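Architecture at a glance
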Amino acid sequence: MHKDIPLRIEMTCSTTDSKHSVTSIREITSVLQHIGEIGAKVALYYGTADEFILTTLLGVDKNGIWLEQSADNTHNSNLANSHQLTFVSSLNKVKIQFVTGLPHLVNYQHYPAIFIPLPDYLLRIQRREYFRLMTPALNPLKCSIPCKQTPLHQTREVTIMDISGGGIALTCAENDTELVPGESYENCRIEIPEFGTLVATIAVKNLAIIAKPQGQQFKRAGCEFVNLESASQILLQRYVMHLQRI
């Protein structure tokens, strides 16, 4: 498992699904077989963001997938009674994710296993067209987002985790500002000290719930700049070059 591919569920929108989906049974089977061959870890979610097992893939064919059972029988029982499972793994630094159902506890080559049906499609998620740079931890950059639901379009400030020529990653408390995958937010403002103000429309491409070791959870939203005007493009390029030098 690559450290830069956390095995957490990534929330996507329909346009993301269509762009990254694999629907060929032959290709789906091939991807999963490679995951099994390299022994990549698999997170199999059966409930909330905290309800999952870490497992490995034992076998796959056109009929379905066999994974190693958990050492905890409670997890196995809860998983077997779940109506929906989310499979998350990685292959060549690309996240592999799909949703399926109808799990069964079985034996695979005399080994305790979990059987799940082959999915109709899987997602290969890789969004690294631009090199992302972490923003300063002290006095972090903020993105002011007009809230459509509030009177006079009041703004909410959301912390920027990283930035690139193509977009930003925003982070906030789990119950804070609502950021919806597939939605666009106009007239967002980013005040960059000593550089100026960047005004942009951002589109939320993905949303993940991340748990800290202390138990707190927060949201991370991957956002893309939409039709950035030339003045803002130049300002952004100057700032990114500045971050690369420090």
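Residues numbered from 1 in each chain as written. Predicted model: local features only at pLDDT ≥ 70, side-chain atom pairs only at ≥ 80, totals over all residues. Heavy atoms only, no water.

1. Here we look at the pairing of strand β3 (residues 42-45)
Along any regular strand the residues' side chains alternate between the sheet's two faces. Here is the rule: Using a 1.4 Å probe on the protein chains alone, a residue whose accessible area is under 20% of its type maximum counts as buried, one over 50% counts as exposed, and one in between counts as partly exposed. Where helices and strands are cited, they refer to DSSP runs of H or I of at least four residues and of E of at least two residues respectively, numbered from the N terminus. The criterion for strand pairing is that DSSP finds at least two bridges linking the strands in question.
Burial along β3 is two-sided: V42 and L44 and A43 and Y45, pointing in opposite directions, are all buried. Across 4 bridges, the pairing between β3 and strand β4 (residues 52-55) is antiparallel. Counted as the bridge partner of A43 is L54 from β4. Sheet topology places β3 next to strand β7 (residues 85-91); 3 bridges connect them, and they run antiparallel.

2. Section: the packing of aromatic side chains
Two numbers describe a pair of aromatic rings. These are the distance of the centres and the angle of the planes. Going by this rule: Note on ring pairs: Phe, Tyr and Trp rings are taken, using the six-membered ring of Trp, and paired if centres are within 6.5 Å. Classes follow the plane angle, with under 30 degrees stacked, over 60 edge-to-face and the rest tilted.
With the rule as written, the count across this model stands at 5 aromatic pairs. Ring geometry for F87 and F98: centres 4.5 Å apart, planes at 15 degrees, overall stacked. With F87 in strand β7 and F98 in strand β8 (residues 94-100), this residue pair connects regions lying 11 residues apart in the sequence. With a relative accessible area of 0%, F87 lands in the buried category. Exposure remark for F98: the relative accessible area of 3% places this residue in the buried category. Look at F195 and Y239: their rings are 5.5 Å apart centre to centre, the planes differ by 80 degrees, and that puts the pair in the edge-to-face class. Taken together, the residues span a long stretch of sequence, with F195 in the loop between β16 (184-192) and β17 (196-211) and Y239 in helix α4 (residues 230-245) at a distance of 44 residues.

3. Looking at unusual backbone geometry
We note that N139 has phi near 50 degrees; this positive angle belongs to a residue other than glycine. Examined against the element boundaries, N139 turns out to sit in the loop between β12 (133-134) and β13 (142-146). A relative accessible area of 73% means that N139 is categorised as exposed. Its identity as a non-glycine residue notwithstanding, N227 has a phi of 50 degrees, on the positive side. Secondary-structure assignment places N227 in the loop between β18 (217-226) and α4.

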